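Summary of structural features
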Amino acid sequence: MSDHWRRDQPQFFNAYELPWGKVDDVKAAHGVDARLVTRDKDTGQSTLMLKLPAGWKHVEDGADACLELFVLEGDVTGNGKRVRAGGYLAVPPQGGQLELSSEGGAQVLAFWDPLMPRGYYYDDQPFVAKVREMEWTMTEMPELRHGIMHKSLRWPDPAEGLMHGGPGGMLRFILMTPGFGESRQETHHDCWEEVIWLAGDFLMPERGLHSAGSVLNNPAELKHGGLMTQKGTVMLLHCNSPMGAEFNEIENGKEIVEHYHDCTSWLVEPKHTPWSETPQFPLYPNSEPAYHAAKR
């Protein structure tokens, strides 16, 4: 899995199982344990998981890039406002200083983007919030089934019609309701997409069963899907430009959704599982390595 991080290739792995190491080219990661989740090898745009020690301090000025932090556990303070699990902090490019610290330590997801457009996001000012206090928005897109809601972490965030997100893409906290099922594949022609699971269960043919820590990486033009959850699922969806979607039927798509909903126990906690090891695999056999080779 040495190249798990590459955004130009389809990926499916568990970030919580990656080894801790060092990342030296992102200032907020200096001197702390880090996991490289994804990276654009040409632009340096990166998603990291950071383990911040007690007493950690850092001043982010946005001079080099936009930095966004989602707190998985612990505490982080930004410009005097303290947030804990589910907190969110952001500094847009050239958006002023954000004095960051952690009293007791924290684990965070960090999104670092040196190409983020200036003057669009967060009123061009540092932003600190508790995600649970933000408003839910129904996710509406032509052809998409009802049953998805989101909170826009990167705002403004256009969320109507065929294209969603601002010029630098979107970062959304998403809830798929229990029993949601979409039997078709989708394709994003205009953006790269990363999804990081926080809780719940989610099945995607040719990838597998997603649970907390699962990461899905979809390059532009990659057909992927269907999409289904039994118990409901919470995830962070991240992309690098406005997102549209085209939907196409897949063989046995409806049968896979029905089988997953009918046969997934409510008594068993979901576990990150490759597609070939799921009960639904015989309904739509894994096409690796041809699937990945054709999409790279």
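Whatever comes next refers back to the structure up there.
Residues numbered from 1 in each chain as written. Predicted model: local features only at pLDDT ≥ 70, side-chain atom pairs only at ≥ 80, totals over all residues. Heavy atoms only, no water.

Okay, the overall build of the protein chain next. The secondary structure content of the protein chain amounts to two helices and 23 strands. Against the globule reference of 19 Å for 296 residues, the protein chain gives a C-alpha radius of gyration of 19 Å, in line with a compact fold. Each principal axis of the C-alpha distribution contributes one length, and for the protein chain these read about 50 × 40 × 35 Å. Across the 296 residues that make up the protein chain, the buried fraction comes to 56%. (Helix = DSSP H or I, 4+ residues; strand = E, 2+ residues; numbered from the N terminus. Rg over C-alpha atoms; globule rule 2.2 N^0.38 Å. Buried < 20%, exposed > 50% of the residue type's maximum accessible area, 1.4 Å probe, protein only.)

Pairing is antiparallel in the open sheet, where four strands are placed in the order E4-E9-E6-E7. Sheet topology places strand E4 (56–60) and strand E7 (81–83) at the edges, where each strand pairs with a single neighbour. For this sheet, the mean angle separating the axes of adjacent strands, direction not counted, is 20 degrees. When strand E6 (residues 76–78) meets strand E9 (residues 98–102), the two strands line up antiparallel, connected through two bridges. Note that in E9 the partner of glycine 78 across the bridge is leucine 100. (Pairing = 2+ DSSP bridges. Axes fitted to C-alpha atoms, helices over the stretch in contact; angles between N-to-C directions.)

So, about the packing of aromatic side chains. One pass over the full model with this rule turns up ten aromatic pairs. Ring geometry for tryptophan 136 and phenylalanine 173: centres 5.9 Å apart, planes at 45 degrees, overall tilted. Taken together, the residues span a long stretch of sequence, with tryptophan 136 in the loop between strand E11 (127–130) and strand E12 (137–138) and phenylalanine 173 in strand E14 (residues 171–176) at a distance of 37 residues. Its guanidinium or amino end placed over the ring of tryptophan 192, arginine 7 lies 3.9 Å from that ring's centre, counting from NZ or CZ. The side chain of lysine 231 reaches across the aromatic face of tryptophan 266, ending 5.9 Å from its centre. (Phe/Tyr/Trp six-rings, centres within 6.5 Å; stacked < 30°, edge-to-face > 60°. Lys NZ or Arg CZ within 6 Å of the ring centre and 35° of its normal.)

With that out of the way, let us pick up the side chain of threonine 233. Mapped onto the elements of the fold, threonine 233 is located in strand E21 (residues 233–239). A polar side-chain atom of threonine 233 sits 3.0 Å from the main-chain carbonyl oxygen of alanine 199. Residues in contact with threonine 233, not counting those within four places in the same chain, are Ile174, Leu175, Met176, Trp197, Ala199, Gly200, Asp201 and Phe202. (Polar contact = N/O pair within 3.5 Å; in protein donor to acceptor, adjacent residues only side chain to side chain. Contact = heavy atoms within 4.5 Å.)

Along the chain, the position of aspartate 113 falls in strand E10 (residues 106–113). Considered as a pair, aspartate 113 and glutamate 68 are 45 residues apart in the sequence and their alpha carbons are 8.8 Å apart. Excluding residues within four positions of it along the chain, aspartate 113 makes contact with Gln45, Ala65 and Cys66. Side-chain polar atoms of aspartate 113 contact the side chain of glutamine 45, separated by 2.8 Å.

Applying the stated criterion to the full structure yields ten salt bridges. As a salt-bridge pair, aspartate 42 and lysine 41 come within 3.7 Å of each other at their nearest N and O atoms. Owing to a relative accessible area of 66%, aspartate 42 belongs among the exposed residues under this scheme. The exposure class assigned to lysine 41 is partly exposed, which follows from its relative accessible area of 47%. We note a salt bridge from arginine 82 to glutamate 103, for which the minimum N-O separation is 3.6 Å. One end of the pair, arginine 82, is in strand E7; the other, glutamate 103, is in the loop between E9 and E10, with 21 residues separating them in the sequence. Judged by its relative accessible area of 61%, glutamate 103 is exposed. Taken together, the shared-partner salt bridges connect Asp75, Arg82 and Glu103 into one network. (Salt bridge = Lys/Arg side-chain N within 4 Å of Asp/Glu carboxyl O.)

Time to look at the environment of isoleucine 256. Along the chain, isoleucine 256 falls in helix H1 (residues 253–263). In the structure, isoleucine 256 is positioned 163 residues away from proline 93 in sequence and 44 Å away in space, judged by C-alpha atoms. Apart from residues lying up to four places away in sequence, isoleucine 256 is in contact with Leu203, Pro205, Met228, Glu251, Gln280, Leu283 and Tyr284.

Without other data, these values stay purely geometric and don't point to any function.
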